[in-house]
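Coordinate analysis (summary)
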Amino acid sequence: MEDKILITEKLYAYYGEHCVLKDVNLEIPKFKITAIMGPSGCGKTTLLRCFNRLHELSPGGRIEGQIWLGKTNLLSLNPIMVRRKIGMVFQRPNPFPTMSIYDNVIAGYKLNGIKIKREEADQIVETSLKKAALWNEVKDFLHRKGTFLSGGQQQRLCIARALAMHPEALLLDEPTSALDPKSTAHIEELIIELKDSVTIVIVTHNIGQAGRVADYTAFLYLGELVEFGPTERLFTAPKDKRTEEYLSGKFG
Amino acid sequence: MKEIERNCKKRLFLNWFVQALVFVITGLSLVPLFFILFYLTKQGIGSVNWSFLTHLPRPVGESGGGVLNAIIGTLIIASLSTIMAIPIGVTAGIYLAEKKTGKLVHLLRLSTDILQSTPSIVLGVIAYLWIVKPAQSFSAFSGSVALAMMMLPTIVSSTEETLKLIPYTLKEASLALGVPYYRTVLKVILPSGISGILTGTLLGIARIAGETAPLLFTAFGSPYLNFNLFKPMNALPLVIFNYASSPYLEWWRQAWGASFILIVMVLCFNLLAKWGASKWKIKF
């Protein structure tokens, strides 16, 4: 078996009294794409937000159980350090409206007050934008505000912003749900290209998307991890009846 | 079929009627404003000339003289109150927008509302008790404190309202990069809301620039050009108040002139605020 990078053990997540995740035991392999799918309200996004500990910031957000980042206990780390190691891209593109494209990419350094040399910053911006397949489109106006870009471009800018921090894992929360089909295809290609350098966990509403991009797929239903395995196996020979029903469109 | 046609006609007529009504009412509400502007210009513009803007007041009996000291005094006092009100007001606004609920939030909101509706003369009396009486002297500083208290509610609520409109996703974007909460507020939330905060501040300045009551027992007024913040200082509203209630014709004329200058200043601030709001607007 490959290396595991994110491991949850008996993970429970709550909003106040409401239990959103029940006993989730998941091992996410390194340098692979793992999709988390399931119907609305099954806890996909919550699970993703446990990994970078954004869940704790929601009112009443609480986690029980264990999460491991490699060999370190993720819950014993400072949340701020966790978020610098694990990047996240959200449903709706959210570049910083006050910053230029350039500043958006190195926002992780700027906002954190991490001093970097000019040449180093230039280098980070260029490689991150290239990795996010946006460099050719924006290289001539790096110092303009990022908000005039199209939705798909903005989302790739957000991916570049996350990659600039050299994260160990990249969490994508339905990154294409607000985009048109063409931008969606573009982002999916990009995700597949990225997996050589970073582990990717993608939450998706779209079964097709999981099938197209993911090496492994987890199916979540009502806060429980129903099934987890290589995407091909899960799609062709689901072990659980609920997975089969979901895949054939009986609910969700 | 006929039924529908008749119904349609009725709709169209009603639409026309309501639209006309809205126009008439809008026109009516503008009448007082235009009347004030017209009358002030007619009465005031005659007394305004270069020497009125650049000379100090002269004693009764001597012709000429101007309000230079009052214009400068108004600018100094208004700037000083802005400097005092912005840090407190913006901080309180951030707290209200970020915390949203809780005992302190409730208390803060209540005090802001009360301060908003406190008569301006009461604020003047308070500033007198706090500063003028212990210092044994009227001063521009005490006037600024009174006006700063008047400005506070405007700044607090404009900051709060602006920051509440900033999408939560922006905050998440910053937090997900591992940016600590305080830096997120200072470097992401605040810059995104800067246009609303500045507009609110400019409107606040426009509001206090014409206040007389808080200055009566604080800045007090002075016939000299004074730059010392701890001495009495003149201001345009004080000139208007003192001259208009005097028995001299020449002073009445000058009061009109000062009123004209004051309203032009206030209008400029309002227009600046409007222009700034569109210029600095940030698209999300």
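Small disclaimer: the values here were computed from a predicted structure and weren't measured. (Residues numbered from 1 in each chain as written. Chains lettered and ligands numbered in written order. Predicted model: local features only at pLDDT ≥ 70, side-chain atom pairs only at ≥ 80, totals over all residues. Heavy atoms only, no water.)

1. Looking at the sheet that holds strand S6 (residues 86-89) of chain A
Residue and element names in this part refer to chain A. Where we set the bar: Two strands pair under a simple rule: DSSP has to find at least two bridges between them. Strands here are runs of E lasting at least two residues and helices are runs of H or I lasting at least four, both read from the DSSP assignment and numbered beginning at the N terminus. To obtain an axis, a line is fitted to C-alpha atoms, over the contacting stretch when the element is a helix, and the angle between two such axes runs from 0 to 180 degrees between their N-to-C directions.
With mixed pairing, six strands are arranged side by side in an open sheet as S6-S7-S8-S3-S9-S10. Two strands close off the open sheet at either side, each with one partner strand: S6 and strand S10 (224-230). The average angle at which neighbouring strand axes cross in this sheet is 15 degrees, direction not considered.

2. Focus on helix H3 (residues 68-99) of chain B
Helical geometry: 3.6 residues make up each α-helical turn, so side chains three or four residues apart lie on a common side. Residue and element names in this part refer to chain B. To keep things clear, this is the line we draw: Working rule for helices: expected span equals 1.5 Å times residues minus one. In this scheme, the bend at a residue equals the angle between the axes fitted to the seven residues that finish there and the seven that begin there.
Spanning 32 residues, H3 covers 46 Å between terminal C-alpha atoms, matching the ideal 46 Å at 1.5 Å per step. Taken as a whole, H3 carries its principal kink of about 35 degrees at Ala85; the proline Pro87 stands between one and four residues after it. Once H3 finishes, Lys100 follows within two positions and takes phi at roughly 70 degrees, a positive value.

3. Let's talk about the layout of surface pockets
Residues and elements named next belong to chain B. This is how it is decided: Buried and open spaces are told apart on a 1 Å grid over the protein atoms alone, a cavity being a set of points where a 1.4 Å probe fits but cannot get out and a pocket being an open set with protein on both sides within 12 Å along at least five of seven lines. Residues with an atom within 4 Å of a point are the lining residues. Grid points are joined across faces, edges and corners, and a volume is the space filled by probe spheres set on the points. Note that Gly is not counted as nonpolar here; it falls among the polar residues with everything else outside the nonpolar set of Ala, Val, Leu, Ile, Met, Phe, Trp, Tyr, Cys and Pro and the charged set of Asp, Glu, Lys and Arg.
Here the largest pocket defines a volume of roughly 330 Å³. Around the largest pocket, the lining is made up of 15 residues, and of these Glu98, Lys100, Tyr168, Lys171 and Tyr181 lie nearest the centre. Counting only elements with at least two residues in the lining of the largest pocket, the list comes to H3, helix H6 (140-164), helix H7 (168-176) and helix H8 (181-192). When residues of the lining of the largest pocket are assigned to their parent elements, the largest contribution, three residues, is made by H7. Across the lining of the largest pocket, the residue classes break down as 10 nonpolar, one polar and four charged.

4. Points about the packing of aromatic side chains
All names here are of chain B. Convention followed: Two aromatic rings from Phe, Tyr or Trp, using only the six-membered ring of Trp, form a pair when their centres are within 6.5 Å; if the ring planes differ by under 30 degrees the pair is stacked, by over 60 it is edge-to-face, and anything between is tilted. Under the scheme applied here, a residue whose accessible area is under 20% of the maximum for its type counts as buried, over 50% as exposed, and between as partly exposed, the area being computed with a 1.4 Å probe on protein chains only.
Under the counting rule described, the total for this entry stands at 14 aromatic pairs over all chains. Pairing Tyr39 with Trp256 gives two aromatic rings, centres 5.6 Å apart and planes at 75 degrees, and the pair type is edge-to-face. With Tyr39 in helix H1 (residues 2-44) and Trp256 in helix H12 (residues 249-279), this pair connects stretches of sequence that are 217 residues apart. Overall, the relative accessible area of 29% leaves Trp256 in the partly exposed class. Judged by centre distance (6.4 Å) and plane angle (40 degrees), the ring pair of Tyr128 and Phe138 falls under tilted. Taken together, the residues span a long stretch of sequence, with Tyr128 in helix H5 (residues 120-135) and Phe138 in the loop between H5 and H6 at a distance of 10 residues.

Purely geometric stuff here, so don't read any function into it on its own.
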